[in-house]
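Spelled out, the chains give:
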Amino acid sequence: MEYRVNLESLNYLADIVKIFIIILYTYYIELNIINREVSKKINIFLIIFFILITFFCKMLKDLYGFAYYIIYLIFILSFVIFKVCKTNLTQSIISVAISLSINYIMFLISTIICYILNIIFDINNDYYSLIIILIIYTIFIYLFSKIKRFKRGILFLKEKLKNEYMDIIMLNVSITILFSVILLSNYDEKISEKLGFSFVIFAIIMFITIQKSLQLYYKQKLRERETEEIKEELKDKNKEIEELQKENLKLNKINHSIAHKQKSLEYELNQLLGKVDVSDNLKNKVENLSKEMQKDTINVELTKTNINEIDNMLKYMQSECVKNKIDFELQINGNIHHMVNKYISKEDLEILLADHIKNAMIAIRHGDNINKSILVRLGIIDGLYSLYIYDSGIEFDLETLINLGMKPSTTHKDDGGTGMGFMNTFDTLKKYNASIIIEEYGKPSKEKFTKVIKIIFDKENTYKISSYREEEIRKKDIEKRIEILK
């Protein structure tokens with residue numbers, strides 16, 4: 001302690017050098033523990049600024065004592081870090097206090113080592129001793145900055161001091177160390193012996209605290225990383241499920257379309273089988289079945305579109321209507337060849353016909369109306385190429401009507417309904433920029449059709465519902481929107 005006091009009594013220039021080195025190394029350690037880099041121009045400016053601050057600190061130390069010097073140094077360096085590194089001022093104060101306490105620990109350890117070397121090598125020159133202390137001190141600072149865990153900063157300080165409990169512990173330990181340094185600077189043999197021991201204890205506590213806090217931090221970061229990985233994995237799984245659902249929906253649409261074509265081809269094949277030479281027994285069965293089917297419903301010869309696929313589909317749908325004792329009527333207006341060349345492909349028109357005639361048949365089968373009839377109008381209607389399908393079946397279910405085009409919806413799964421028909425329809429409307437109008441005339445009756453679906457190729461892509469149940473539909477739509485919002 002006497003040796004340290006002798007060092008304190010060095011001349012003015014030596015004391016200035018010591019204070020400047022401590023300020024400079026405190027700034028260096030501060031940048032390390034918060035892991036910040038500063039440009040060379042700013043560093044050069046700060047070195048000049050630190051030289052000026054050194055003289056002011058020396059003046060404070062001589063006039064008012066060591067305590068004022070330490071307090072001033074903490075606040076001036078905190079302000080520098082606050083401005084240069086754009087950190088939070090509270091963060092700057094805590095990190096500067098920690099940095100300064102680390103520096104004084106290393107400086108005092110360097111003083112002890114130098115004292116031992118002076119005894120061994122019998123060095124009695126105080127200037128040589130100061131040079132040795134500064135060299136050892138510099139080596140300690142360099143080795144500290146190369147510690148693997150501190151290379152990228154003390155992480156709980158670098159991350160904007162998120163752990164408030166750790167901040168308080170570190171600040172208290174640092175202030176205790178600095179307070180011990182202040183008291184040690186005022187030499188009193190009995191007090192210094194006790195404080196010296198306390199200083200060592202608190203220095204050890206500080207480094208253990210930093211080590212433990214780093215361990216806790218790494219464990220927490222590992223948990224956070226694992227949590228993020230799990231979240232990402234769940235996100236990928238959800239995305240994969242969503243893609244599979246879309247793919248499934250797409251496959252359902254394709255299967256739905258293929259099913260209509262398959263039935264149409266089966267019907268055409270059956271027609272062909274009737275023309276080839278088959279056994280008399282099979283011919284008789286087919287003829288008897290045909291006669292039985294035609295007892296109640298007349299199979300009227302349909303007007304030709306002269307497009308083989310369309311005509312076959314219409315014939316097949318007519319045969320299905322005959323089986324279900326439903327009157328089927330077809331009206332062709334204009335050149336359908338021109339329609340499928342300019343407004344819609346024959347494949348898409350074929351699917352539209354199949355979907356909506358099938359839906360009309362289901363609606364009729366689920367009602368008890370004695371009027372069982374379907375009318376298909378195809379071609380130029382009111383000056384535009386269109387497809388109108390009238391039926392005398394039951395009205396749309398309100399839920400189904402609200403969900404049309406948004407998701408597959410049907411109330412007749414047991415009767416072959418999949419809800420995919422309208423999904424396909426809305427895709428087709430979007431593809432050709434066509435419009436759809438659903439008109440409901442009234443409840444089923446024996447005198448008239450109950451509804452019509454109008455698909456109009458007008459390049460407007462609109463959707464409209466005109467119904468005698470307008471108020472019910474509006475109310476149901478509002479309820480649906482409120483449910484979605486909830």
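Provided above is the structure to which this section pertains.
The structure presented is a predicted model; accordingly, all values stated were derived computationally and were not measured.

Student: Before we move on, could you go through the pattern of salt bridges and cite the residues and values that matter?
Tutor: Taken as a whole and judged by the stated rule, the model has 13 salt bridges. Across the pair Glu 320 and Lys 323 runs a salt bridge whose closest N-O atoms are separated by 3.3 Å. Here Glu 320 pairs with Lys 323, and both are found in helix H11 (residues 308–323), just three residues apart, close to one helical turn. The buried category is assigned to Glu 320, whose relative accessible area is 19%. In this structure, the salt-bridge partner of Glu 439 is Lys 454, at a minimum N-O distance of 2.9 Å. You can see Glu 439 sitting in strand E4 (residues 435–440) and its partner Lys 454 sitting in strand E5 (residues 451–456), a full 15 residues away along the chain. The same class applies to Glu 439 as to Lys 454, namely buried. By sharing partners, the salt bridges in this structure join Asp 15, Lys 18, Lys 58, Lys 61 and Asp 62 into a single network.

Student: Summarise a nonpolar patch on the surface; cite the residues concerned and give the values.
Tutor: Nonpolar side chains collect at one region of the surface, where Ile 112, Tyr 115, Ile 116, Ile 119, Ile 120 and Phe 121 lie side by side and expose about 650 Å² of accessible area between them. Within the element layout of this structure, Tyr 115 appears in helix H5 (residues 89–121).

Student: Mind laying out the nonpolar core, listing which residues take part and the relevant values?
Tutor: Ranked by internal contacts, the top residues of the largest apolar core, which has 46 residues, are Phe 328, Leu 349, Ile 357, Ile 374, Val 376 and Leu 387. The element that contributes the greatest number of residues to this core is helix H13 (residues 346–365), accounting for eight residues. Counting 44 residues, the second largest nonpolar core, distinct from the first, contains Ala 14, Ile 19, Phe 20 and Ile 102.

Student: How would you sum up H13? Please name residues and give values.
Tutor: Here H13 is 20 residues long and its end C-alpha atoms lie 28 Å apart, about the 28 Å a rise of 1.5 Å per residue gives. Taking burial as the measure, the 20 residues of H13 include 15 buried ones, the bulk of the element.

Student: I'd like a rundown of helix H15 (residues 420–432), residues and numbers included.
Tutor: Since the α-helix packs 3.6 residues into each turn, any two residues three or four apart lie on the same face. Given a rise of 1.5 Å per residue, 13 residues ought to cover 18 Å, and the 18 Å separating the end C-alpha atoms of H15 matches this to within 8%. Among the 13 residues in H15, ten count as buried, and that is most of the element. The complete set of buried residues in H15 reads Met 420, Gly 421, Phe 422, Met 423, Asn 424, Thr 425, Phe 426, Thr 428, Leu 429 and Tyr 432. Backbone geometry just after H15 places Asn 433 at a positive phi near 55°.

Student: Go over a negative patch on the surface with me, naming the residues and quoting the values.
Tutor: Together, Glu 226, Glu 228, Glu 229, Glu 232, Glu 233 and Asp 236 make up a region of like negative charge exposed at the surface. Mapped onto the elements of the fold, Glu 226 is located in helix H9 (residues 189–275). Look at Glu 226 and you get partly exposed, because its relative accessible area is 43%.

Student: Which residues make up unusual backbone geometry, and what are the values?
Tutor: Of note in this structure, Asp 122 is not a glycine but carries a positive phi near 55°. Its location among the elements puts Asp 122 in the loop between H5 and helix H6 (126–145). A positive phi angle, near 55°, is found at Asp 382, a position not held by glycine. Structurally, Asp 382 is set in the loop between strand E2 (373–381) and strand E3 (384–391). Taking the relative accessible area as the measure of exposure, Asp 382 reaches 71% and is therefore exposed.

Conventions adopted
- Residues numbered from 1 in each chain as written.
- Predicted model: local features only at pLDDT ≥ 70, side-chain atom pairs only at ≥ 80, totals over all residues.
- Heavy atoms only, no water.
- Salt bridge = Lys/Arg side-chain N within 4 Å of Asp/Glu carboxyl O.
- Helix = DSSP H or I, 4+ residues; strand = E, 2+ residues; numbered from the N terminus.
- Buried < 20%, exposed > 50% of the residue type's maximum accessible area, 1.4 Å probe, protein only.
- Patch = residues over 30% accessible without salt bridge, like charges linked within 9 Å, V, L, I, M, F, W, Y side chains within 5 Å.
- Areas by Shrake-Rupley, 256 points an atom, 1.4 Å probe, with all protein chains shown as cover.
- Core = buried A, V, L, I, M, F, W, Y, C linked by side-chain atoms within 4.5 Å.
- Expected span 1.5 Å × (residues − 1).
- Lys, Arg positive; Asp, Glu negative; His and termini not counted.
- Charge placed at Lys NZ, Arg CZ, Asp CG, Glu CD.

Worth remembering: the numbers are spatial, not functional.
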